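# Commentary on secondary and tertiary structure
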Amino acid sequence: MRVVIAGGHGKIARLLGQDLAARGDTPVGLVRNPDHVGALTADGIRPVLCDLEHSTVEEVAAHLADADAVVFAAGAGPGSGAARKDTVDRGAATLLADAAHTAGVRRYLLVSSMGVDRDPAPGTDEVFAAYLRAKKAAEDDLTGRDLDVTVLRPGRLTDDPPTGRVTLARHVPSGAVSRADVAHVLRVLLDRPDTAGITVELVGGDTAVDDAVTAAVDA
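Our subject in this report is the structure included herewith. (Residues numbered from 1 in each chain as written. Predicted model: local features only at pLDDT ≥ 70, side-chain atom pairs only at ≥ 80, totals over all residues. Heavy atoms only, no water.)

Moving on, we come to the overall build of the protein chain. Secondary structure assignment for the protein chain yields seven helices and eleven strands. Against the 2.2 N^0.38 benchmark of 17 Å for 219 residues, the protein chain shows a C-alpha radius of gyration of 16 Å, consistent with a compact globule. In terms of its C-alpha atoms, the protein chain occupies a principal-axis envelope of roughly 40 × 40 × 35 Å. By the burial criterion, 49% of the 219 residues in the protein chain qualify as buried. A separation threshold of at least 6 residues defines the contact pool for the protein chain, and within that pool the share at least 24 residues apart is 69%. With an accessible surface of roughly 9,700 Å², the protein chain has 50% of that area assigned to carbon and sulfur atoms. Computing the positive centroid from 23 side-chain charges and the negative centroid from 32, the protein chain places the two 2 Å apart. (Helix = DSSP H or I, 4+ residues; strand = E, 2+ residues; numbered from the N terminus. Rg over C-alpha atoms; globule rule 2.2 N^0.38 Å. Buried < 20%, exposed > 50% of the residue type's maximum accessible area, 1.4 Å probe, protein only. Contact = heavy atoms within 4.5 Å. Areas by Shrake-Rupley, 256 points an atom, 1.4 Å probe, with all protein chains shown as cover. Lys, Arg positive; Asp, Glu negative; His and termini not counted. Charge placed at Lys NZ, Arg CZ, Asp CG, Glu CD.)

The structure is reproduced here in structure tokens:
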């Protein structure tokens with residue numbers, strides 16, 4: 001498969017790209033910083049310079065030519081304010097969807113977050129609350145589009161080694177999950193067109209990833 005990953009230099013994106021490259025697929029990473037080109041190339045990921053905050057639908061669509069799927073794994077990142085949570089976590093996700101439609105790419109995986117479907121708890125940091133609102137707005141924007149969308153909502157992310165075992169369902173208890181296991185789940189979701197149209201939450205667990213995905217589809 002040729003898979004275009006928005007936010008290509010992010011930790012989850014790079015792990016996913018490495019996995020795809022290792023098995024012979026063609027991962028393409030969209031990055032806005034030229035300094036990140038070398039790292040992606042070393043990972044076996046084809047880097048493409050594209051700033052999703054300052055690009056048109058047509059410009060992004062040109063980078064999606066011949067893609068089999070797109071993955072939105074971008075984020076404004078730590079240290080960014082509420083405004084950029086909206087322009088990246090919502091706006092860029094919407095732009096990628098518009099570009100995918102223009103380019104004729106139906107498969108779209110959105111990396112969202114647990115907690116977006118409820119009001120932030122009292123005392124929640126305003127920037128984090130803005131992040132959750134932006135992620136939910138991105139999910140809502142994808143609803144009803146003529147795309148094959150799968151939404152993945154991971155829990156608290158860690159840099160722990162992968163376990164290959166997770167808890168994956170429409171709703172799961174709060175918890176943590178390694179970025180490596182998130183990347184593994186994304187790779188399996190890409191291989192499963194029958195996961196289109198579902199939204200699933202993800203934390204660490206005891207079920208092998210392939211079995212967890214199958215159970216989530218059958219639920």
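More follows now that the structure is in view.
Taken across its five residues, strand β1 (residues 2–6) has five buried, putting it largely inside the fold. Both faces of β1 are covered, namely the face carrying Arg 2, Val 4 and Ala 6 and the face carrying Val 3 and Ile 5. Bridging between β1 and strand β2 (residues 26–31) involves five bridges; their strand directions are parallel. Across the sheet, residue Val 4 finds its bridge partner in β2, namely Val 28. Alignment of β1 against strand β4 (residues 69–72), held across four bridges, turns out to be parallel. Of the residues in β4, the one forming a bridge with Ile 5 is Val 71. (Pairing = 2+ DSSP bridges.)

The geometry of helix α4 (residues 82–103) relative to helix α5 (residues 126–142) is characterised by a closest axis approach of 8 Å and an angle of 15° between their N-to-C directions. In terms of orientation, α4 and α5 fall into the roughly parallel class. Like other packed secondary-structure pairs, α4 and α5 cross with a definite hand, here right-handed. Together, Ala 82, Lys 85, Asp 86, Asp 89, Arg 90, Ala 93, Thr 94 and Ala 97 of α4 and Val 127, Ala 130, Tyr 131, Ala 134, Lys 135, Ala 137, Ala 138, Asp 141 and Leu 142 of α5 make up the contact between the two elements. Of the residues belonging to the contact of α4 with α5, the class tally is ten nonpolar, one polar and six charged. (Axes fitted to C-alpha atoms, helices over the stretch in contact; angles between N-to-C directions. Parallel < 35°, antiparallel > 145°, perpendicular 65-115°, else oblique. Left-handed = near helix turned anticlockwise from the far one by under 90°. Nonpolar A, V, L, I, M, F, W, Y, C, P; charged D, E, K, R; others polar.)

Right, let's talk about the pairing of β4 for a bit. For a regular strand, side-chain orientation follows a simple rule: the groups alternate between the two sheet faces. Neither face of β4 is left uncovered, since the one carrying Ala 69 and Val 71 and the one carrying Val 70 and Phe 72 both have all their residues buried. As for the winding sense of the linkage, the β-α-β connection from β4 through α4 to strand β5 (residues 107–111) is right-handed. (Right-handed = clockwise from strand over helix to strand, strands pointing away.)

The end-to-end C-alpha distance of α4, which contains 22 residues, comes to 30 Å, matching closely the 32 Å that a straight helix rising 1.5 Å per residue would cover. For α4, the principal kink sits at Gly 91 and spans about 35°. Three or more residues of α4 are buried, namely Lys 85, Val 88, Asp 89, Gly 91, Ala 92, Ala 93, Thr 94, Leu 95, Leu 96, Ala 97, Ala 99 and Ala 100. Considering only its buried residues, α4 is in contact with β1, α3 (57–63), β4, β5 and α5. Positive phi shows up at Gly 104, right after α4, with a value of about 80°. (Expected span 1.5 Å × (residues − 1). Bend = angle between axes of the 7 residues up to and from the residue.)

The next thing to look at is the layout of surface pockets. The space that makes up the largest pocket amounts to roughly 1,400 Å³. Along the wall of the largest pocket there are 47 residues; nearest its centre are Ala 74, Gly 75, Ala 76, Gly 77 and Tyr 131. Of all the elements in the fold, those that place two or more residues in the lining of the largest pocket are α1 (11–22), β2, α4, α5 and β7 (156–158). Residues that form the lining of the largest pocket fall into these classes: 20 nonpolar, 15 polar and twelve charged. Quantified by volume, the second largest pocket comes out at close to 200 Å³. Every residue lining the second largest pocket is counted, 15 residues in all, and those nearest its centre are Leu 142, Thr 143, Val 149, Val 151 and Gly 197. For the lining of the second largest pocket, the element with the highest residue contribution is α5, accounting for four residues. In the lining of the second largest pocket, the residues fall into six nonpolar, four polar and five charged. (1 Å grid on protein atoms, 1.4 Å probe; cavity = no way out; pocket = protein on both sides within 12 Å on 5 of 7 lines; lining within 4 Å. Points joined across faces, edges and corners; volume = space filled by probe spheres on them.)

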